[in-house]
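# Structure assessment
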Amino acid sequence: METQESWIGRSIPRKEDPALLTGAARYMDDLSPVEGIRYAAILRSPHGHAEILKIDVSAAEAMPGVTGVVTGDDVARLSQPLANLFGLKMTYYPCARDRVRYYGEPVAVVVADNRYIAEDALDAISIEYRPLQAVVDPEDSTASSAPLLHEALASNVVHSRSFRYGEPETIFATAKHLTSIKTHYPRVASTPMETFGVIAHFQSAPDRYTVWSNFQGPFTMYPLMCAALKVPSPRVRLISPPASGGSFGIKQAIYPYIVLLAVASRKLGVPIKWTEDRLEHLAASSCASDRVVEMTGAFTKEGKLEAIAIKQLENVGAYLRPPEPAGLYRFHATLSGPYDVRHFTVENRAVVTNQMPSGLNRGYGGAQYCYPLERLMQRAAAELNIDPVELRRRNLIPTAAFPYECISGGLLESGDYQGALDLALRKFGIDEMRRMRDEARASGRLFGVGVACSVEAAGSNLAYVNLALTGEQRAGRLPKSGGSSTSSLTIDALGGIVVRIDGAPAGQGHETVVAQIVAEEIGVSPDDVTVMTELDTLRDSWSVSSGNYANRFSTTVVGAVGLAARAAATKLRRIAAPLLDVEPEAVVLRNGKAHASGGKNVAVSIRSLAAKSHWDTGGLPEGVSAGISETATMTQLGKDVDEQDRLRSAVTYSFQCDLAAVEVDRQTGSVNILKYVTVHDAGRLLNPQLADGQIWGGFAHGLGAAMLERVVYGRDGTLLSTTFVDYMCPTAVEIPPFEIGHVTSPSPNTLFGAKGLGDGCSMLTPAVIANALDDALGIPDLAPPFTPDRMWSLLSGLSPDADKGPRDSATRETTLPFADGGTVLKGGDELDLAAPPEQVWRLLFDVEAMQRILPGCKDLAETEPDHFAATIVIDIAGIGGEYVADIRIREKDEPRQATLVSNVSGRLGFGQGSATVTLSPLDDGARTRLAYRYEARVGGKVAGIGHRLLGSVVRVVLGEFFGALEEQIAAKPSGLLRRLRRRARLLAKAILSR
Amino acid sequence: MKRIAADEKTRVAFRLNGRPREGYAEPRMLLVDFIRHELGALGTHVGCEHGVCGACTVSIDGRIARSCLVYAVQIDDASVMTVEGLAVEGKLTALQSAFTRHHALQCGFCTAGILISTTMFLEQNPHPTEDAVRHMLSGHICRCTAYNGMVQAILEVANAASPSIVDTAGSVEG
Amino acid sequence: MKPVKFAYARPQELSELTELLHSEGEDARILAGGLSLGAMLNMRLVTPRLLVDINHVQTLQRTQNAAEYVQTGALVRQADALLSPEIARDVPLLRAALSHVGHFQTRSRGTLAGSIAHADPSAELPLALTVLGGAIELASRRRSRVVNADSFFLSPLRTVRRPDEVVTAIRWPRRRNDERFAFREFALRAGDYAVVAVACKARVAKGVVEDLRLGFAGVADTPILLDVSFACGERTGEGLADAISARTKALEPTADLHASRDYRRQLAAVLTKAALMDVFTPKLESVS
Ligand SMILES: Cc1cc2nc3c(=O)[nH]c(=O)nc-3n(C[C@@H](O)[C@H](O)[C@H](O)COP(=O)(O)OP(=O)(O)OC[C@H]3O[C@@H](n4cnc5c(N)ncnc54)[C@H](O)[C@@H]3O)c2cc1C
Ligand code: FES
Ligand code: FES
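The structure presented is a predicted model; accordingly, all values stated were derived computationally and were not measured.

## Regarding the side chain of A:Arg379
In this structure, A:Arg379 sits in helix α10 (residues 367-384). When residues no more than four places from it in sequence are discounted, the contact partners of A:Arg379 are A:Thr179, A:Ile181, A:Asp774 and A:Pro780.

## Section: the site of ligand 1
The immediate surroundings of ligand 1 are formed by 33 residues, with C:Arg29, C:Ile30, C:Ser36, C:Thr111 and C:Glu124 found nearest. Surrounding ligand 1 are residues belonging to chains B and C, so the site spans chains. The separation between an oxygen atom of ligand 1 and a polar main-chain atom of C:Ile30 is 2.6 Å. The separation between a nitrogen atom of ligand 1 and a polar side-chain atom of C:Glu124 is 2.6 Å. Protein chains shield 97% of the accessible area of ligand 1, which is 960 Å² for the free molecule.

## Re the packing of α10(A) against helix α19 (residues 761-777) of chain A
Residues and elements named next belong to chain A. Orientation of α10 relative to α19, taken along the N-to-C sense of each, is 25 degrees, at an axis distance of 8 Å. Viewed along their axes, α10 and α19 adopt a mutual orientation that is roughly parallel. For the crossing formed where α10 meets α19, the hand is right-handed. On the side of α10, the interface is formed by Ala367, Cys370, Tyr371, Glu374, Arg375, Gln378 and Arg379, while α19 contributes Ser762, Met763, Leu764, Pro766, Ala767, Ala770, Asn771, Asp774 and Asp775. When its residues are assigned to classes, the contact of α10 with α19 shows 8 nonpolar, 3 polar and 5 charged.

## Considerations on the domain arrangement of chain B
All names here are of chain B. For chain B, the assigned domains read domain 1 (10-82) and domain 2 (94-160). One C-alpha centre belongs to domain 1, the other to domain 2, and the line joining them spans 22 Å. Counting residues at the interface gives 17 residues for domain 1 and 10 residues for domain 2. Both sides of the domain 1 and domain 2 interface together cover about 1000 Å² of buried area, and 66% of this is carbon and sulfur. Counting across the interface, domain 1 meets domain 2 through 0 salt bridges. Of all the secondary structure elements, the ones that give two or more residues to the side of domain 1 that touches domain 2 are β4 (57-60) and β5 (63-66). The residue inventory of the side of domain 1 that touches domain 2, partitioned by class, reads 7 nonpolar, 8 polar and 2 charged.

## Quick word on the interface of chain A and chain B
Between chain A and chain B, the contact holds 47 residues from the first and 46 residues from the second. Interface area, chain A with chain B, both sides summed: about 3900 Å², of which 59% is carbon and sulfur. On the chain A side of the contact with chain B, A:Leu21, A:Tyr116 and A:Met193 bury the most area, a combined 21% of that side's loss. Where chain A meets chain B, there are 4 salt bridges. As a salt-bridge pair, A:Glu709 and B:Arg143 come within 2.8 Å of each other at their nearest N and O atoms. For the interface between chain A and chain B, the tally reads 25 residue pairs in polar contact (both at pLDDT 80 or more). Of all the elements in the fold, those that place two or more residues in the side of chain A that touches chain B are α1 (17-22), α4 (115-124), α9 (278-284) and α18 (688-707) of chain A. Top contributing element to the side of chain A that touches chain B by residue count: α18(A), with 8 residues. Class assignment of the residues belonging to the side of chain A that touches chain B gives a composition of 22 nonpolar, 15 polar and 10 charged.

## A few points about the pairing of β5(B)
Residues and elements named next belong to chain B. Where β4 lies against β5, 4 bridges are found, and the strand directions are antiparallel. Within β5, the residue paired with Val58 across the bridge is Ala65. The turn joining β4 and β5, which pair antiparallel and follow one another in sequence, is formed by 2 residues; a positive phi near 50 degrees is taken by Asp61.

## Observations regarding the packing of helix α4 (residues 130-137) of chain B against helix α5 (residues 148-160) of chain B
A pair of packed helices can be characterised by two numbers: the angle between their axes and the separation between those axes. All names here are of chain B. Where α4 meets α5, the closest approach of the two axes is 10 Å, and the angle between their N-to-C directions is 125 degrees. Comparing their axes, α5 and α4 come out oblique. As α4 packs across α5, the resulting crossing turns out to be right-handed. Contacts between α4 and α5 pair Glu130, Val133, Arg134, Met136 and Leu137 from the former with Asn148, Met150, Val151, Ile154 and Leu155 from the latter. Here the contact of α4 with α5 is composed, by residue class, of 7 nonpolar, 1 polar and 2 charged.

## Quick word on the interface of chain C and chain A
Each partner contributes to the interface: chain C provides 44 residues, whereas chain A provides 55 residues. Across the chain C to chain A interface the summed buried area is about 4300 Å²; carbon plus sulfur atoms make up 59%. Here chain C and chain A share 3 salt bridges between them. Linking C:Arg44 and A:Glu119 is a salt bridge whose minimum nitrogen-to-oxygen distance equals 3.9 Å. At the boundary of chain C with chain A, the tally comes to 14 residue pairs in polar contact (both at pLDDT 80 or more). Elements that contribute at least two residues to the side of chain C that touches chain A include exactly α2 (37-42) and α11 (261-280) of chain C. The element contributing the most residues to the side of chain C that touches chain A is α11(C), with 6 residues.

Rules used throughout
Residues numbered from 1 in each chain as written. Chains lettered and ligands numbered in written order. Predicted model: local features only at pLDDT ≥ 70, side-chain atom pairs only at ≥ 80, totals over all residues. Heavy atoms only, no water. Helix = DSSP H or I, 4+ residues; strand = E, 2+ residues; numbered from the N terminus. Contact = heavy atoms within 4.5 Å. Near = heavy atom within 4 Å. Polar contact = N/O pair within 3.5 Å; in protein donor to acceptor, adjacent residues only side chain to side chain. Areas by Shrake-Rupley, 256 points an atom, 1.4 Å probe, with all protein chains shown as cover. Axes fitted to C-alpha atoms, helices over the stretch in contact; angles between N-to-C directions. Parallel < 35°, antiparallel > 145°, perpendicular 65-115°, else oblique. Left-handed = near helix turned anticlockwise from the far one by under 90°. Nonpolar A, V, L, I, M, F, W, Y, C, P; charged D, E, K, R; others polar. Domains from an automatic or database assignment. Buried area = accessible area lost by both parts, 1.4 Å probe. Salt bridge = Lys/Arg side-chain N within 4 Å of Asp/Glu carboxyl O. Pairing = 2+ DSSP bridges.

Set out below in structure tokens:
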């Protein structure tokens with residue numbers, strides 16, 4: 001009898017690859033599942049915070065090729081607001097009605113024959129906004145003076161809860177050493193290469209919605225969609241396409257768009273497809289929350305961490321969109337990460353601000369927590385003068401202590417944390433690195449070594465979201481706990497093996513791993529197994545916990561597949577047993593055949609057993625049903641939160657230890673990562689090559705967050721990281737040397753001993769790099785991303801955001817760089833004019849003269865004294881269009897001084913500004929010195945995309961304005977107007993180009 | 001001089017992966033939309049529409065191009081190659097096989113563009129250094145991998161192409 | 001992200017092209033490689049009525065050698081120039097600058113002239129041309145003119161080119177035997193526009209600077225030259241490099257999302273010194 005190697009644990013080539021490599025795979029935008037699809041484009045708010053005064057869609061609706069337009073009123077008429085976890089009166093529709101609360105918030109949907117026409121029609125919608133004061137910083141937003149985002153709520157703080165475990169007061173009162181830190185972890189987004197996509201098809205009698213979307217779960221969002229659309233299940237039918245271009249959790253946030261497009265299909269009576277573009281994605285898909293954390297650790301002299309006091313402030317953006325604020329709680333069951341600590345106080349708050357709503361993003365809630373915890377360890381090591389590696393070692397949960405139950409309920413079931421640390425140190429060559437560091441320092445270079453550790457949860461217990469609720473709040477609700485996955489396996493009459501999973505994968509290779517498991521269990525080759533990853537809620541088994549998130553695959557999905565495969569194997573054995581003349585237990589499935597164990601050299605092919613199960617149902621052994629079709633469900637461990645707020649929030653926990661060596665260039669602030677090692681204890685690796693692929697990928701995300709990426713808003717709520725030029729993802733050149741190591745402590749909680757490793761470095765790398773930088777520079781206040789500019793500022797004793805605006809960031813790690821948004825322009829100048837002040841005055845403020853000197857002025861009327869309405873053509877290098885300007889002259893002191901206040905708005909954005917002009921006589925009044933100061937706020941597309949060039953654009957415009965004034969004074973006659981029209985055109989219009 | 005009115009849909013005839021194809025496009029239609037949605041060649045993907053991500057990369061008359069920054073009317077009579085033109089009758093090219101061996105792709109969304117770029121790159125630089133390969137790849141964004149598998153796969157193919165270069169057996173696995 | 005409707009014209013002859021620009025230039029956009037224009041169109045930042053595709057005008061494809069300069073036609077692609085042995089030999093600064101321009105995938109279609117016409121203040125080629133003292137050839141229906149690089153750029157994306165004019169060629173001064181060049185750039189990622197770039201051209205004889213031109217991208221609205229005439233007649237060496245780089249304090253860059261004003265100034269100083277050390281060292285030229 002031939003032997004067969006185990007398929008599990010082997011790096012076999014991926015089943016997915018041939019289709020992906022040849023262009024045969026079908027992603028969301030490739031689908032046209034129904035006839036008559038029309039295409040949607042979404043009009044989005046150019047303001048961070050504004051009231052909508054008027055929407056006029058008539059011109060858009062009248063355009064040829066336009067099917068119709070959907071506005072917030074339609075959405076409110078045809079759907080319910082999307083629920084939030086606390087039942088707060090925070091009306092959240094997927095389309096704004098009378099107020100917009102973040103840049104990019106949908107305000108209307110146009111549906112047309114194609115996307116081009118739909119976008120034309122967006123330009124034809126006119127909306128009048130009244131800008132409101134915005135708040136983007138989470139701490140600012142907690143202030144009572146902050147602009148309130150949701151009128152019905154008393155405060156922007158939408159969640160607050162505190163917890164206490166052990167005896168923290170006692171420990172803190174007697175602690176030998178306290179270390180405190182405050183960090184502000186910035187917003188990042190995993191930006192999958194494939195953007196969101198939805199096809200929504202409403203059909204009536206009965207009302208139902210069929211939706212194709214690359215939504216990837218969790219399907220806890222499904223009930224929210226049904227509720228919003230006011231139909232019972234299963235009348236929202238969700239279908240995911242066969243291939244997905246990445247998710248990293250982000251695609252969880254498609255669900256409001258599904259509701260929006262479903263409503264649009266209902267109103268307009270056609271199936272509608274919407275493919276998000278990259279600008280929409282960067283502005284209004286989703287991203288990780290940013291979080292301000294204050295942590296104090298109570299340490300013994302020897303560096304044993306005994307208690308932690310934690311205060312967290314989570315910026316969830318403009319709406320508390322479920323599952324937020326769950327990000328605050330994903331690590332709650334393991335508050336001390338991989339360390340043995342028994343005493344905690346926790347104060348959690350979530351606050352709304354004028355930023356896009358946050359949500360799942362690779363390592364949900366993880367980086368925001370690992371960062372402060374590991375910075376705390378680093379600072380404590382420095383303060384206690386203990387080697388940071390040694391400090392870890394003294395605090396890591398000892399191998400003998402597993403299974404280890406955390407005080408807040410998490411159960412770390414197995415592990416060899418010390419062993420993993422040792423392996424990491426060996427791979428890293430810690431002694432050699434320290435020697436290099438000493439050498440480098442001796443020659444004045446800035447060299448540092450950093451270490452950090454973490455645990456990684458896999459297979460979430462649904463109940464962790466409930467931690468956000470008080471005991472009383474929970475009491476009134478349906479209990480939640482656990483989670484599950486269902487998989488089905490069929491073998492048809494020809495022996496074809498088909499497996500279905502509810503995992504909705506996004507490129508991780510699940511097809512391959514599932515095939516390996518099935519191959520192993522029923523003794524075939526993975527090539528013989530067809531894996532269906534499409535999920536259709538009407539046809540396939542699914543549950544609320546279905547989907548692709550929280551390392552659910554390697555724990556729960558794989559478990560379900562294993563159970564289904566085992567059930568099929570059992571059946572095959574029973575059918576084979578009489579044919580082989582042995583008991584079923586003595587049948588071995590291997591190499592496509594059923595063999596009799598115990599030396600008998602007889603075998604029967606699995607294909608013929610399958611055929612028999614279909615063709616010869618009468619000949620099956622007693623009690624064996626026809627066909628082979630096994631559905632199995634893996635039910636996850638885990639109860640609801642208990643009275644002491646303890647929760648076992650995941651099925652399994654892996655461990656990770658990373659080390660990095662960095663050098664900082666004093667002159668340019670560049671951070672060079674010389675070496676990076678990561679060691680994982682993720683239990684049994686089902687396919688080592690794919691496991692390493694996940695680790696590499698997580699590292700690229702962690703590296704991006706550490707070094708380059710950041711979602712940045714100006715103070716006025718204008719998004720500044722609007723394109724892939726300004727939201728900077730690492731390329732192949734930016735990836736430093738990276739090595740992976742594994743320690744294997746199988747999990748007793750999963751069928752095959754696997755744990756999770758998909759988040760990995762995406763959570764930890766920023767902390768490792770920060771610790772290495774701290775080691776190199778001795779600067780405790782470090783906030784990612786560690787861009788050269790920010791590092792150099794730190795080295796120069798400046799705030800990382802110096803001169804981008806005032807900000808007192810000496811004592812805190814801050815992320816928001818442009819204190820004044822970068823969209824505020826200020827300036828002034830003086831010029832001498834060859835005319836007396838009175839004449840200059842007339843040229844400046846007389847309607848006709850004004851019309852001549854205002855570059856690009858098409859028409860200008862004085863609607864009332866000192867109040868002008870103008871249409872101007874703004875055109876800088878061809879970028880621009882027609883703008884409506886409202887100009888008022890204030891504080892007029894003829895002919896000495898006046899202030900002009902103006903509002904300008906048009907297709908590419910808007911501006912508000914004021915300018916004070918002072919005229920003083922020169923040469924006894926024969927000439928005039930004109931001095932001006934201005935301040936302008938520019939917003940909208942132009943500020944988001946072209947902020948870099950706005951300053952110079954304003955200079956150009958002013959230059960042309962005053963040039964025209966001078967020419968007027970010199971009174972050059974005709975031809976002037978023409979020249980002005982052509983060459984000099986007005987005001988702000990900036991650019992991208994990159 | 002060819003002139004097309006803004007509203008006019010003109011016939012665009014060209015070769016796509018060696019085969020004559022034609023379709024109709026108005027001047028503003030992006031090449032990538034044309035080949036995907038008018039001609040159904042869906043293997044080329046769209047990741048940014050502003051020239052940065054490289055997902056849409058194709059070759060036009062032997063020159064590499066971002067098909068989101070080219071208009072369909074521009075390619076009249078040209079010869080365009082996309083990912084669908086690489087494997088012949090389902091037989092993967094050496095590069096494609098190396099990609100799978102080295103796990104150079106996960107979701108595969110970026111892969112089509114990267115394969116086209118790399119194929120063209122290797123024609124010009126049959127024996128690149130790792131640094132050159134990384135710089136070439138910098139014209140693409142992949143969010144799933146950290147490019148490592150791609151680099152290894154490309155170097156392997158480049159090395160295999162030259163018998164004169166001593167095979168560094170097995171050491172390619174990083 | 002789809003462009004507005006525009007008409008499309010594809011002249012074959014320069015005369016057709018200039019005729020077209022004469023009648024419709026105000027509302028038209030010239031399309032060369034499209035690497036910069038395409039994004040602006042797709043984002044609807046620019047909304048021309050007409051796109052004039054110049055890629056088929058044969059006479060714009062040529063590279064010609066004049067005594068004083070290499071003349072690259074408007075359609076010479078960045079990739080071709082980068083690979084050209086003649087350019088490497090005759091205009092080494094262009095060669096050095098090109099290796100920083102975008103990526104393999106963008107240089108293949110991107111043109112030298114398109115980059116000049118686009119006038120991004122952080123772009124490498126306008127800087128190289130300015131430091132070399134090169135010039136831009138422009139043609140309209142009635143006349144042709146040649147504009148020196150130092151008076152061509154007005155502000156970001158604006159040049160003295162009139163709407164009825166097309167850039168027909170760029171004149172890159174041919175290297176003289178005793179000239180040395182350096183190009184140094186700091187960008188955040190491979191292929192990104194410069195945060196700051198420095199280009200330098202020098203003549204050094206017997207350890208003494210005879211002539212020095214030093215220019216910057218990324219620190220002003222256009223590429224700019226720094227007045228370093230005081231260096232002529234001085235001995236090369238680190239002392240002089242420090243003295244010159246101290247002059248960068250006079251620059252007035254603006255801040256953006258990725259670099260503060262002070263930081264840009266700092267980079268200007270650091271890169272200046274490095275570039276000067278490149279040209280002061282005996283190697284003929286050095287590129288980074
Ligand atoms: C990902 C990416 C990275 C890049 N990185 C860099 C970089 O690091 N450095 C850099 O400098 N550039 C960079 N670029 C831009 C560069 O690739 C472009 O090639 C260049 O800016 C414009 O050249 P083009 O031929 O593509 O011109 P187009 O995009 O076709 O045109 C650009 C502008 O110039 C005008 N124009 C073009 N040709 C003429 C002419 N002959 N006469 C008159 N006007 C003309 C056009 O009307 C348009 O306004 C990058 C682009 C991308 C997509
Ligand atoms: S889609 Fe063309 S480069 Fe991103
Ligand atoms: S494999 Fe997913 S983006 Fe590259």
